[in-house]
Amino acid sequence: MCAHCNQVIRGPFLVALGKSWHPEEFNCAHCKNTMAYIGFVEEKGALYCELCYEKFFAPECGRCQRKILGEVINALKQTWHVSCFVCVACGKPIRNNVFHLEDGEPYCETDYYALFGTICRGCEFPIEAGDMFLEALGYTWHDTCFVCSVCCESLEGQTFFSKKDKPLYG
């Protein structure tokens, strides 16, 4: 059965979106041109050829202002081509990975921490916004990482000394 005319299909047919169609009835909702041999897009319950989709529905890229056909990245209240939403430091596409902003510019996680992050002396992981931390021995530590190098007892608020930049219970 043809999805457009509901008649039995005898002869050539095509399958799209899980339905069968007479080739001459698989047409763009706007320009009415056949889409039997070209790409199409479903938008708001109707089918459109790529040209009409681009003209009427395709979002604009926040960087290059060209229409986006294909994969879209939604970030920072804008839409982007994958190749346009990139880390300002390394130039690699961020895609759907974690990113951080610095002065309104996106950075991949690796570059952000390399350029702007503070690394905990104890665990060597980044100290992130909201983490409790302290500064001692000329380094920054997560509060839970500032422990005695011998017995692993917490040194936060305790008297301690250091040997070779390692904190020791005092």
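Residues numbered from 1 in each chain as written. Predicted model: local features only at pLDDT ≥ 70, side-chain atom pairs only at ≥ 80, totals over all residues. Heavy atoms only, no water.

Glancing now at the packing of aromatic side chains. With the rule as written, the count across this model stands at 11 aromatic pairs. Plain terms: the ring middles of Phe26 and Phe40 are 5.0 Å apart, the flat faces sit at 90° to each other, and that makes the pair edge-to-face. With Phe26 in the loop between β2 (19-21) and β3 (40-43) and Phe40 in strand β3, the pair connects residues that are 14 residues apart, well separated along the chain. Note on Phe26: relative accessible area 2%, which makes it buried. (Phe/Tyr/Trp six-rings, centres within 6.5 Å; stacked < 30°, edge-to-face > 60°. Helix = DSSP H or I, 4+ residues; strand = E, 2+ residues; numbered from the N terminus. Buried < 20%, exposed > 50% of the residue type's maximum accessible area, 1.4 Å probe, protein only.)

A few words now on the nonpolar core. Ranked by size, the top nonpolar core spans 14 residues in total, and within it Cys61, Ile73, Ala75, Trp80, Phe85 and Cys87 carry the most contacts. Those elements that place two or more of their residues in this core are β5 (72-75), β8 (105-108) and α2 (109-116). Apart from residues lying up to four places away in sequence, Phe85 is in contact with Ile73, Ala75, Leu76, Trp80, Pro93, Ile94, Arg95, Phe99 and Pro106. Judged by nonpolar contacts, the second largest core, of 13 residues, contains Leu14, Ala16, Ala46 and Tyr48. (Core = buried A, V, L, I, M, F, W, Y, C linked by side-chain atoms within 4.5 Å. Contact = heavy atoms within 4.5 Å.)

Next up on the list: the pairing of strand β6 (residues 78-81). One ladder, built from four bridges, connects β5 with β6; its direction is antiparallel. Looking at the pairing, Ala75 lines up with Gln78 of β6. Counted between consecutive antiparallel strands, the loop separating β5 from β6 contains two residues, among which Leu76 sits at a positive phi close to 55°. (Pairing = 2+ DSSP bridges.)

Side chains of Arg121, Lys163, Lys164 and Lys166 sit close together on the surface and give a patch of like positive charge. Position of Lys164 relative to the elements: it lies in the loop between β13 (160-163) and β14 (166-169). On the basis of relative accessible area, Lys164 is assigned to the exposed category, the value being 76%. (Patch = residues over 30% accessible without salt bridge, like charges linked within 9 Å, V, L, I, M, F, W, Y side chains within 5 Å. Areas by Shrake-Rupley, 256 points an atom, 1.4 Å probe, with all protein chains shown as cover. Salt bridge = Lys/Arg side-chain N within 4 Å of Asp/Glu carboxyl O. Lys, Arg positive; Asp, Glu negative; His and termini not counted. Charge placed at Lys NZ, Arg CZ, Asp CG, Glu CD.)

As assigned here, the chain comprises domain 1 (14-57), domain 2 (72-116) and domain 3 (133-169). On a C-alpha basis, the centroid separation for the pair domain 1 and domain 2 is 34 Å. (Domains from an automatic or database assignment.)

Where α2 is concerned, the buried positions are Asp111, Tyr112 and Tyr113. Buried residues along α2 sit against β7 (99-102), β8 and β10 (126-127).

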